[in-house]
Amino acid sequence: ALTYLTSPRSQTGIVVSSSASHPRKVAAQKVSVSSRTGPALRSQGNNAPTLQKPAQRSGGGHDDKLVEMINSVIVDRSPSVKWDDIAGLEMAKQALTEMVILPTKRKDLFTGLRKPATGLLLFGPPGTGKTLLAKAVASESEATFFNVSASSLTSKWVCLVSLSPSLHVGEGEKLVRTLFQVAITRQPSVIFIDEIDSIMSTRTENENEASRRLKSEFLVQFDGVASNSSDLVTVIGATNKPQELDDAVLRRLVKRIYIPLPDANARRVLLKHKLKGQAFSLPDRDVERLVAETDGYSGSDLQALCEEAAMMPIRELGADILTVQANQVRRLRYGDFRKAMTVIKPSLQRSKWAELERWNREFGSN
Ligand code: ADP
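No experiment lies behind these values; they were computed from the predicted model shown.

**A closer look at the pairing of strand 9 (residues 233–239)**
Burial analysis of strand 9 places 7 of its 7 residues in the buried class, the great majority of the element. The two faces of strand 9 match: Val233, Val235, Gly237 and Thr239 on one face and Thr234, Ile236 and Ala238 on the other face are all buried. Judged from the 5 bridges that link them, strand 6 (residues 119–123) and strand 9 form a sheet pairing that is parallel. Counted as the bridge partner of Phe123 is Thr239 from strand 9. Relative to strand 9, strand 8 (residues 189–194) is paired through 5 bridges, and the arrangement is parallel. Paired with Ile193 across the bridge in strand 9 is Gly237.

Here it is in structure tokens:
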């Protein structure tokens, strides 16, 4: 589900999405929220949560329709990604376990100096598992997962305005404020902001008023949850252009975890994982050749490569495709992958890769 929250006037858009598309699941989430009796939550007859504490804290009101929309569109209470679904990235998994998962399980141990960081950044090439990691974190910590991604700034979609007419002035900041308010009521929460650079980029002279206000609101809300020792709200930003992030935002994302391209081990695991359920004839020697030849491929590049290779035996069938038995389609072999490599190439330029490595050395936590 995608909902654009933008107006042509502001040119600032945010796409909010969720994998909780099943209506029954969403309904269940709402019931579970309204049954919680935290100080911040007052339940209305229709189960829509109403917020008290956060509204007071931010000094502003909120828009019921926006709360409702955030609850129904962006929240996924149990994204079904598990650690084991993610190949490699052991250091990132360990850091995230310490920073987010353990503190939600043992809140009593993680106080004072051990209070977990509110903000962290996953940066690295596209398609390397940043979104998967954020989802796995939410799933493993049983946190409410808010999936927010920045849309292109030129987007002209105006869905939100029709949902809530009061929003087209300052809608970005109102969204941010409400998002944090809902996250507080549904904590532990993970707010995942994909492509965070595009809404929180370095201030430039051309920056428009709307995006400046959105950023300021983000900082205010972020500081609110960071300074409250009882709030378990974690903001995870993801970007492949960390160098473009606004300084003030970067300062708050204190842990910056580099998510690199998969190394040989991770590529081997990924290839084997993607081939599950396929008929293939790849002796270890061929697998090793593929592992070596896919240096520079991201996880999503490997996915695309396997999909392309899997089509080769099908294309050979020609007109027989309509009559052939499924078990008569020939097995995948090394040559299919070689051929697929001429079409599916690594999507990251070497120069960009080097730039990310440099940024990691200077600003990264690992
Ligand atoms: P991004 O880093 O751009 O957020 P995603 O997490 O969305 O990348 O990954 C895109 C796709 O690539 C995933 O849906 C998955 O199929 C594949 N992928 C990338 N990295 C991994 C990984 N480490 N383990 C398993 N699959 C991966």
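**Things to note about the environment of Gln349**
For Gln349, the position within the fold is in the loop between helix 14 (334–341) and helix 15 (350–363). For Gln349, a count of 11 C-beta atoms within 10 Å corresponds to the exposed category. Residues Gln349 and Leu261, 88 residues apart in the sequence, show an inter-C-alpha distance of 12 Å.

**Observations concerning the site of the ligand**
In the vicinity of the ligand lie 16 residues, with Gly129, Lys130, Thr131, Gly299 and Ser300 positioned nearest. Contributions of two or more residues to the shell around the ligand are made by helix 5 (130–140) and helix 13 (299–316). Broken down by class, the residue content of the shell around the ligand amounts to 7 nonpolar, 8 polar and 1 charged.

**Regarding the nonpolar core**
In this structure, Leu179, Val190 and Ile191 are the most contacted members of the largest nonpolar core, which totals 72 residues. It is helix 7 (residues 171–185) that contributes the most residues to this core, 7 residues altogether.

**Thoughts on the environment of Arg289**
For Arg289, the location among the structural elements is in helix 12 (residues 284–293). Owing to 15 C-beta atoms within 10 Å, Arg289 belongs among the partly exposed residues under this scheme. For the pair formed by Arg289 and Ser141, sequence separation is 148 residues and the distance between their alpha carbons is 38 Å.

**Remarks on the confidence of the model for the chain**
Close inspection of predicted coordinates is inappropriate for parts of the model with low pLDDT. For the chain, the average pLDDT comes to 76, and 73% of its residues sit at 70 or higher. A low-confidence stretch, residues 1–60 stays under pLDDT 50, and its non-local contacts, those more than four residues away or across chains, total 126 contacts. Below a pLDDT of 50 lies the segment residues 152–167, which in the model reaches 29 contacts outside its immediate sequence neighbourhood of four places, other chains included. Across the assembled chains, the prediction reports ipTM 0.98 with pTM 0.77.

**Here we look at the packing of helix 4 (residues 90–105) against helix 5**
Axis separation between helix 4 and helix 5 bottoms out at 10 Å; the angle between their running directions is 45 degrees. Our classification of the angle between helix 4 and helix 5 gives oblique. The interaxial crossing formed by helix 4 with helix 5 has right-handed handedness. Residue-level contacts link Ala92, Leu96, Val100 and Ile101 of helix 4 to Leu133, Val137 and Glu140 of helix 5. Of the residues contributing to the contact of helix 4 with helix 5, the split by class is 6 nonpolar, no polar and 1 charged.

**Structural notes on helix 11 (residues 264–275)**
Helix length check: helix 11 (12 residues) gives 16 Å between terminal C-alpha atoms against 16 Å at 1.5 Å per residue, within 8%. Those residues of helix 11 that fall on the buried side of the exposure criterion are Ala266, Arg267, Leu270 and Leu271. One side of helix 11 holds all its buried residues, which, seen down the axis, span an arc of 135 degrees. Looking at the packing, one finds that the buried side of helix 11 touches helix 12 and helix 13. Of the residues trailing helix 11, Gly277 is marked for its positive phi of about 85 degrees.

**Brief notes about the packing of helix 11 against helix 12**
It is the contact of helix 11 with helix 12, at a shortest axis distance of 9 Å, that shows an interaxial angle of 125 degrees. Classified by the angle between their axes, helix 11 and helix 12 sit oblique to one another. The two elements helix 11 and helix 12 meet at a crossing, and its hand is right-handed. Where helix 11 approaches helix 12, its residues Ala264, Arg267, Arg268 and Leu271 are matched on the opposing element by Val287, Leu290 and Val291. Of the residues contributing to the contact of helix 11 with helix 12, the split by class is 5 nonpolar, no polar and 2 charged.

**Notes on the environment of His273**
Note on placement: His273 falls in helix 11. With 53 residues separating them along the chain, His273 and Ala326 place their C-alpha atoms 21 Å apart.

**A look at the pairing of strand 8**
Counting buried residues along strand 8, 6 of its 6 residues qualify, which places the element largely inside the surrounding structure. Here strand 8 shows a buried face lined by Ser189, Ile191 and Ile193 and a second buried face lined by Val190, Phe192 and Asp194.

**Digging into unusual backbone geometry**
In this structure, Pro188 follows Gln187 across a cis peptide bond, with omega equal to 0 degrees. With respect to the secondary-structure elements, Pro188 resides in the loop between helix 7 and strand 8. Despite not being glycine, Glu142 has its phi angle at roughly 55 degrees, a positive value. Looking at the element boundaries, Glu142 is found in the loop between helix 5 and strand 7 (144–150).

So, how was this worked out
Residues numbered from 1 in each chain as written. Predicted model: local features only at pLDDT ≥ 70, side-chain atom pairs only at ≥ 80, totals over all residues. Buried ≥ 20, exposed ≤ 12 C-beta atoms within 10 Å, placed from the backbone. Helix = DSSP H or I, 4+ residues; strand = E, 2+ residues; numbered from the N terminus. Pairing = 2+ DSSP bridges. Near = placed C-beta within 6 Å. Nonpolar A, V, L, I, M, F, W, Y, C, P; charged D, E, K, R; others polar. Core = buried A, V, L, I, M, F, W, Y, C linked by C-beta atoms within 7 Å. pLDDT = per-residue confidence, 0-100. Contact = placed C-beta atoms within 7 Å. Axes fitted to C-alpha atoms, helices over the stretch in contact; angles between N-to-C directions. Parallel < 35°, antiparallel > 145°, perpendicular 65-115°, else oblique. Left-handed = near helix turned anticlockwise from the far one by under 90°. Expected span 1.5 Å × (residues − 1). Arc of directions from axis to C-beta.

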